[in-house]
Amino acid sequence: MPRLQFIVASTRPGRVGPAVAAWAAEEARRHGSFDIETVDLAEIGLPFFDEPEHPSEAAYVHQHTKDWSATVSRGDAYVFVMPMYNGTFTAPLKNAIDFLYQEWQDKPVALLSYTAGPSGGVPAVEAIRPILTRIGFRATERSISVPGIAELTGPDGFRAPDGLAVELAGVLDEVAKLLADTDAAPAQV
């Protein structure tokens, strides 16, 4: 089965991203189309981009970049679990994306955003989509946005609102289809 990585994009203390990612990963296990891995950018601990060569060269000199490349290379598709900060996505997520290039090419990505306010992080999703296209990801058309995250998280984790599991299942179906389309494509000569 293809490996789907849930990448937690918040690194701050007190964050709720790991709880949201844990819920989504469990739902994806129930979906049954993927092997699941959760990757936490706070645990990865990348510095600001510091490679001397352009990422498209994959000529990495720093061990943290080699390790990040190996982690991302294990994934066949990704779900970015991302809060919205000041109307956009997080700097750690942009930095993690910028470290690599070849590893992301033609891979499906879905976006699960959340925020304390009513938007659910939709502006962050809209802001990151052009970047994903530019890099070579194949983003799902649909995304998942969760407003009012503070009321949905607590000591027991994330309590998904009604209908969110169905919405996530639809996005996971789209990821599976994008993966199948990749597998069915003729090999480049």
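Heads up: the structure comes first, above all this text.
In this text the structure is predicted, and so the values were computed from the model without any measurement. (Residues numbered from 1 in each chain as written. Predicted model: local features only at pLDDT ≥ 70, side-chain atom pairs only at ≥ 80, totals over all residues. Heavy atoms only, no water.)

A.B. asks: Tell me about the overall build of the protein, residues and numbers included.
C.D. replies: If you tally the helices and strands in the protein, you get seven helices and eight strands. The C-alpha radius of gyration of the protein comes to 16 Å, within 12% of the 16 Å expected for a compact globule of 189 residues. When its C-alpha atoms are laid out on the principal axes, the protein stretches across 50 × 35 × 25 Å. Here the protein holds 189 residues, and the buried ones make up 46% of them. For the protein, the share of sequence-separated contacts (at least 6 apart) that also reach a separation of at least 24 residues comes to 79%. (Helix = DSSP H or I, 4+ residues; strand = E, 2+ residues; numbered from the N terminus. Rg over C-alpha atoms; globule rule 2.2 N^0.38 Å. Buried < 20%, exposed > 50% of the residue type's maximum accessible area, 1.4 Å probe, protein only. Contact = heavy atoms within 4.5 Å.)

A.B. asks: Now, about the side chain of E51: what can you tell me, with residues and values included?
C.D. replies: Note that E51 resides in the loop between α2 (41-44) and α3 (63-73). Of the buried charged residues, E51 lacks a salt bridge, with K66 as the closest side chain of opposite charge at 7.7 Å. Within the structure, E51 has its side chain in polar contact with the backbone nitrogen of V61 (distance 2.8 Å). A polar atom in the side chain of E51 sits 3.1 Å from the backbone nitrogen of H62. What E51 contacts, discounting residues up to four positions off in sequence, is A59, Y60, V61, H62, T65 and F99. (Lys, Arg positive; Asp, Glu negative; His and termini not counted. Salt bridge = Lys/Arg side-chain N within 4 Å of Asp/Glu carboxyl O. Polar contact = N/O pair within 3.5 Å; in protein donor to acceptor, adjacent residues only side chain to side chain.)

A.B. asks: So what's going on with the pairing of strand β3 (residues 77-83)? Residues and values would help.
C.D. replies: Regular strands place side chains that alternate from one sheet face to the opposite one. Summarising burial for β3: seven of the seven residues are buried, a large majority. Side chains A77, V79, V81 and P83 of β3 all project onto a buried face; the interleaved residues Y78, F80 and M82 project onto the opposite face, where all are buried too. In this structure, strand β1 (residues 3-8) lies alongside β3, joined through five bridges in parallel fashion. Counterpart to V8 in the pairing with β3 is V81. Here six bridges tie β3 to strand β4 (residues 108-114), and the two strands are oriented parallel to one another. Within β4, the position partnered with V79 by the bridge is A110. Between the parallel elements β3 and β4, the chain passes through helix α4 (residues 91-98) in a crossover that is right-handed. (Pairing = 2+ DSSP bridges. Right-handed = clockwise from strand over helix to strand, strands pointing away.)

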